[in-house]
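Structure assessment
As a plain string of letters, each chain reads:
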Amino acid sequence: AQSVTQLDSQVPVFEEAPVELRCNYSSSVSVYLFWYVQYPNQGLQLLLKYLSGSTLVKGINGFEAEFNKSQTSFHLRKPSVHISDTAEYFCAVSERNNDMRFGAGTRLTVKP
Amino acid sequence: ETGVTQTPRHLVMGMTNKKSLKCEQHLGHNAMYWYKQSAKKPLELMFVYSLEERVENNSVPSRFSPECPNSSHLFLHLHTLQPEDSALYLCASSQDRVGGVKTQYFGPGTRLLVL
């Protein structure tokens, strides 16, 4: 069965700095990969997903992620963050015939 | 996000109460999910319904009882809960449960406090 690890529980960063949130997964078959964002007191919102094709995936709010099969990673990046990007970010993995598994989350705090 | 709605948004209940959480999806999806989100814990998948049939129950205590009367509605009936059941309960839906169309869309959640 698939599993996912988010390597950093908290990432503090200054406004306009670049950020990378790390995600590694474990699976023996092909997978689908997702990043979600959760703002305070809200549900999870889909940022981007990788199903197949190009390994560089662009999402909403200027975020992008790159699927690296050899390193079993799907790290999320943004070249310049804003205060409004402060939120919890969840990586998720799913095999074709299994339900999604979520990571423990990374809290991104953007400081002025 | 507005494609999946949840009511109520906040709920406070005593351990002897009976209450229900409601989820409705307006996306024409065939699968619906209940998750529990507790502080400092990963999302816990509680129940999965596909085409109105329950397909997974991850050892959830019987004090939680799901109901899916049709593909657009999902309920979570609560009775004799414990304080440790206090959490954010999230509902999600996806077009299908398997294959490449399983992207899940979440509602805003119900914040539950059990006293």
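Residues numbered from 1 in each chain as written. Chains lettered and ligands numbered in written order. Predicted model: local features only at pLDDT ≥ 70, side-chain atom pairs only at ≥ 80, totals over all residues. Heavy atoms only, no water.

Regarding the interface of chain B and chain A
It is common to give the size of an interface as the accessible area that goes away when the parts come together. Heads up, the condition is: Residue contacts are counted whenever heavy atoms from the two residues lie within 4.5 Å of one another. Accessible surface is computed with a 1.4 Å probe, and the buried area is the amount of it that two parts give up when combined, taken over both parts together. Whenever a carboxyl oxygen of Asp or Glu lies within 4 Å of a side-chain nitrogen of Lys or Arg, that contact is scored as a salt bridge. Helix numbering and strand numbering both begin at the N terminus, where a helix is a DSSP run of H or I of at least 4 residues and a strand a DSSP run of E of at least 2. Only Asp, Glu, Lys and Arg are considered charged, only Ala, Val, Leu, Ile, Met, Phe, Trp, Tyr, Cys and Pro nonpolar, and every remaining residue, Gly among them, polar.
The interface is formed by 24 residues belonging to chain B together with 23 residues belonging to chain A. When the two sides are added together, the surface that chain B and chain A hide from each other amounts to roughly 1800 Å², 50% of it contributed by carbon and sulfur. Applying the counting criterion to the chain B and chain A interface returns zero salt bridges. Where the side of chain B that touches chain A is concerned, the elements lending two or more residues are strand 4 (31-37), strand 5 (44-50), strand 9 (87-94) and strand 10 (105-106) of chain B. Considering each element in turn, the side of chain B that touches chain A owes the most residues, three residues, to strand 4 of chain B. A class-by-class count of the residues in the side of chain B that touches chain A yields twelve nonpolar, six polar and six charged.

Thoughts on the state of the cysteines
Each disulfide consists of a covalent bond between the sulfur atoms of two cysteine residues. Note the following rule: Disulfides are defined as pairs of cysteine sulfur atoms found within 2.5 Å of each other. Partly exposed describes any residue whose relative accessible area lies between the buried limit of under 20% and the exposed limit of over 50%, with all areas from a 1.4 Å probe on protein chains only and scaled to the type maximum.
Inspection of the entire model under this criterion finds two disulfides over all chains. Between A:C23 and A:C91 runs a disulfide, and the two sulfur atoms are separated by 1.9 Å. In this structure the cystine formed by A:C23 and A:C91 twists about its S-S bond by roughly -65°; its chirality is therefore left-handed. One end of the pair, A:C23, is in strand 4 (residues 23-26); the other, A:C91, is in strand 10 (residues 87-95), and 68 residues separate them in sequence. Taking the relative accessible area as the measure of exposure, A:C91 reaches 0% and is therefore buried. Put simply, B:C23 and B:C91 are joined by a disulfide, and their sulfur atoms are 1.9 Å apart. Disulfide B:C23-B:C91: torsion about the S-S bond near -75°, hence left-handed. Taken together, the residues span a long stretch of sequence, with B:C23 in strand 3 (residues 18-25) and B:C91 in strand 9 at a distance of 68 residues. Sulfur of B:C68: no disulfide; nearest cysteine sulfur belongs to B:C91 and is 9.1 Å away.

Some points on the packing of aromatic side chains
Formally: Each aromatic pair joins two rings of Phe, Tyr and Trp (for Trp, the six-membered one) with centres within 6.5 Å, and gets the label stacked for planes under 30 degrees apart, edge-to-face for over 60, and tilted for any other angle. The criterion is that NZ of a Lys, or CZ of an Arg, lies within 6 Å of the ring centre and within 35 degrees of the ring normal, and then a charge sits over that ring.
One pass over the full model with this rule turns up eleven aromatic pairs over all chains. For the ring pair A:F63 and A:Y89, a centre distance of 5.5 Å and an interplane angle of 45° mean the geometry is tilted. A residue pair is termed long-range when its members are at least 10 positions apart, and A:F63 in the loop between strand 7 (56-58) and strand 8 (64-68) and A:Y89 in strand 10 qualify at 26 residues. Residue A:F63 shares its accessibility class with A:Y89, and that shared class is buried. Judged by centre distance (5.6 Å) and plane angle (85°), the ring pair of A:F102 and B:Y35 falls under edge-to-face. One end of the pair, A:F102, is in strand 11 (residues 101-102); the other, B:Y35, is in strand 4, on a second chain. Connected via pairs of aromatic rings, a cluster forms that spans A:F34, A:Y36, A:F102, B:Y33, B:Y35 and B:F106. Above the face of the A:F14 ring, A:K111 is positioned so that its terminal group lies 4.8 Å from the ring centre.

Concerning the sheet that holds strand 7 (residues 64-70) of chain B
Residues and elements named next belong to chain B. Spelled out, the test is: The pairing criterion for strands is at least two bridges between them, as found by DSSP. Every axis in this analysis is a line fitted to C-alpha atoms, fitted for helices over the stretch in contact. Angles between the N-to-C directions lie between 0 and 180 degrees.
Pairing is antiparallel in the open sheet, where four strands are placed in the order 1-3-8-7. Among the strands making up the open sheet, the edge pair consists of strand 1 (4-7) and strand 7. Each adjacent strand pair in this sheet contributes to an overall mean axis angle of 20°, direction not counted. By the bridge criterion, five bridges tie strand 7 to strand 8 (residues 73-79) in an arrangement that is antiparallel. Its bridge partner lying in strand 8, N70 is registered against H73.

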